[in-house]
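Take a look at the letters that make up each chain.
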Amino acid sequence: MTLYRCFAWDARAKTDAPDGPLWYPRIYQGDGRHDNPDVYGCLYLSASALSPVVEQLARFRGQALRPSFLRRRRIGLALAEITLLDTAALIDLDDPRQLARERLRPSAVATRVRTTTQQQARALYERYPYAAGLRWWSTFESTWINVTIFDRAASRLRLVDVRALSLDDPAVIDAADWLGLPSA
């Protein structure tokens, strides 16, 4: 499965070292949808290159697109293409049968109340020790499939490519257009 990640990238970092494309940034986690850094680290990926870029730029809605929007912690954002090995099992939170088995409602899975989604993720992580992560839909566009990969599945990921993002990158242009961010 091909997945994409938008993240703060240090081009000098090794692949799985801090600020590398396969680094689990556990030290910065705690506020994210499925974060439980006391139990696991996670990577937020998507089947669409557009989705993670939209996630990164969404906080700037209503403003003109600027180069500073493509920086986090004083380093530039990048887009990584990553392969998840086909043998990796995902808990599908877009499957009505899975939701019924777990007694979860779609509205509770899609909520922006992080204490709710973090509790769900922790329970699923503990209940399914073989699972590489969770499959769910983007709250920006339901047809964008997002995947949260737990750090116990790090060996099942392969980096295909990574590139620094700029204002003229097609993924940034598409995300800015989708969000209605005008050019500066």
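Turning to the nonpolar core, a few remarks are in order. Among soluble globular proteins, nonpolar side chains are generally buried collectively. Counting residues in each nonpolar core, the largest one holds 22 residues, and the members touching the most others are Val53, Val54, Leu57, Leu79, Leu165, Val172 and Leu181. Counting only elements with at least two residues in this core, the list comes to β1 (2-8), α1 (50-57), β4 (75-84) and α5 (170-179). Among the elements that make up this core, the one with the highest residue count is α5 (five residues). Leaving out residues up to four positions away in the same chain, Val54 has contacts with Phe140, Trp144, Ala175, Trp178 and Leu179.

The full count for this structure, using the stated rule, is eight aromatic pairs. Through a chain of ring-to-ring contacts, three or more aromatic side chains come together here, namely Tyr40, Tyr125 and Phe150. The lysine or arginine in question, Arg112, covers the ring of Phe140, its NZ or CZ lying 5.6 Å from the ring centre. When the ring centre of Tyr125 is taken as origin, the NZ or CZ atom of Arg152, which lies over that ring, is 3.9 Å away.

Tallying each qualifying case throughout the model produces 10 salt bridges. With its nearest N and O atoms 3.1 Å apart, the salt bridge here joins Asp10 to Arg12. The exposure class of Arg12 is exposed, given its relative accessible area of 76%. Residues joined in a network through salt bridges with shared partners are Asp38, Arg122 and Glu126.

As for its position among the elements, Arg97 is in helix α2 (residues 96-102). Measuring from C-alpha to C-alpha, the distance between Arg97 and Asp10 comes to 41 Å, with 87 residues separating the pair along the chain.

Attention shifts here to the environment of Asp31. Mapped onto the elements of the fold, Asp31 is located in the loop between β1 and β2 (42-46). In this structure the C-alpha to C-alpha distance between Asp31 and Gln118, which are 87 residues apart in sequence, comes to 8.9 Å.

On to helix α4 (residues 114-127), then. In an α-helix, one turn spans 3.6 residues, which is why side chains three or four residues apart end up on the same side. Taking 1.5 Å of rise per residue, 14 residues should cover 20 Å, and α4 covers 20 Å from first to last C-alpha, within 8% of that figure. Turning to α4, its buried residues number three or more, namely Thr117, Gln118, Gln120, Ala121, Leu124 and Tyr125. Each buried residue of α4 sits inside an arc of 160° when the element is viewed along its axis, so together they form one side. More than 90 degrees from the buried face of α4, the exposed residues found are Thr115 and Gln119. The inward-facing, buried residues of α4 abut β5 (90-92), α2, α3 (106-109), β6 (133-137) and β7 (145-150).

So, about the confidence of the model for the protein chain. Confidence along the protein chain averages 95 in pLDDT terms, with 99% of residues attaining 70 or more. Strand β8 (residues 157-164) holds the highest mean pLDDT among the elements of the protein chain, 98, whereas α3 holds the lowest, 91.

Further remarks concern the side chain of Asn146. In this structure, Asn146 sits in strand β7. Taking the relative accessible area as the measure of exposure, Asn146 reaches 3% and is therefore buried. In this structure the side chain of Asn146 is engaged in a polar contact, spanning 3.1 Å, whose partner is the side chain of Ser46. One polar contact links Asn146 to Ser51, side chain to side chain, over a distance of 3.0 Å. Excluding anything up to four places from it in sequence, Asn146 contacts Leu45, Ser46, Ser51, Glu55, Leu134, Arg135, Trp136, Trp137 and Ser138.

Our focus in this paragraph is α1. In terms of burial, α1 is largely enclosed, as seven of its eight residues are buried. Buried positions along α1 lie against β1, β2, β3 (71-72), β4, β7 and α5.

Conventions used here
- Residues numbered from 1 in each chain as written.
- Predicted model: local features only at pLDDT ≥ 70, side-chain atom pairs only at ≥ 80, totals over all residues.
- Heavy atoms only, no water.
- Core = buried A, V, L, I, M, F, W, Y, C linked by side-chain atoms within 4.5 Å.
- Buried < 20%, exposed > 50% of the residue type's maximum accessible area, 1.4 Å probe, protein only.
- Helix = DSSP H or I, 4+ residues; strand = E, 2+ residues; numbered from the N terminus.
- Contact = heavy atoms within 4.5 Å.
- Phe/Tyr/Trp six-rings, centres within 6.5 Å; stacked < 30°, edge-to-face > 60°.
- Lys NZ or Arg CZ within 6 Å of the ring centre and 35° of its normal.
- Salt bridge = Lys/Arg side-chain N within 4 Å of Asp/Glu carboxyl O.
- Expected span 1.5 Å × (residues − 1).
- Arc of directions from axis to C-beta.
- pLDDT = per-residue confidence, 0-100.
- Polar contact = N/O pair within 3.5 Å; in protein donor to acceptor, adjacent residues only side chain to side chain.

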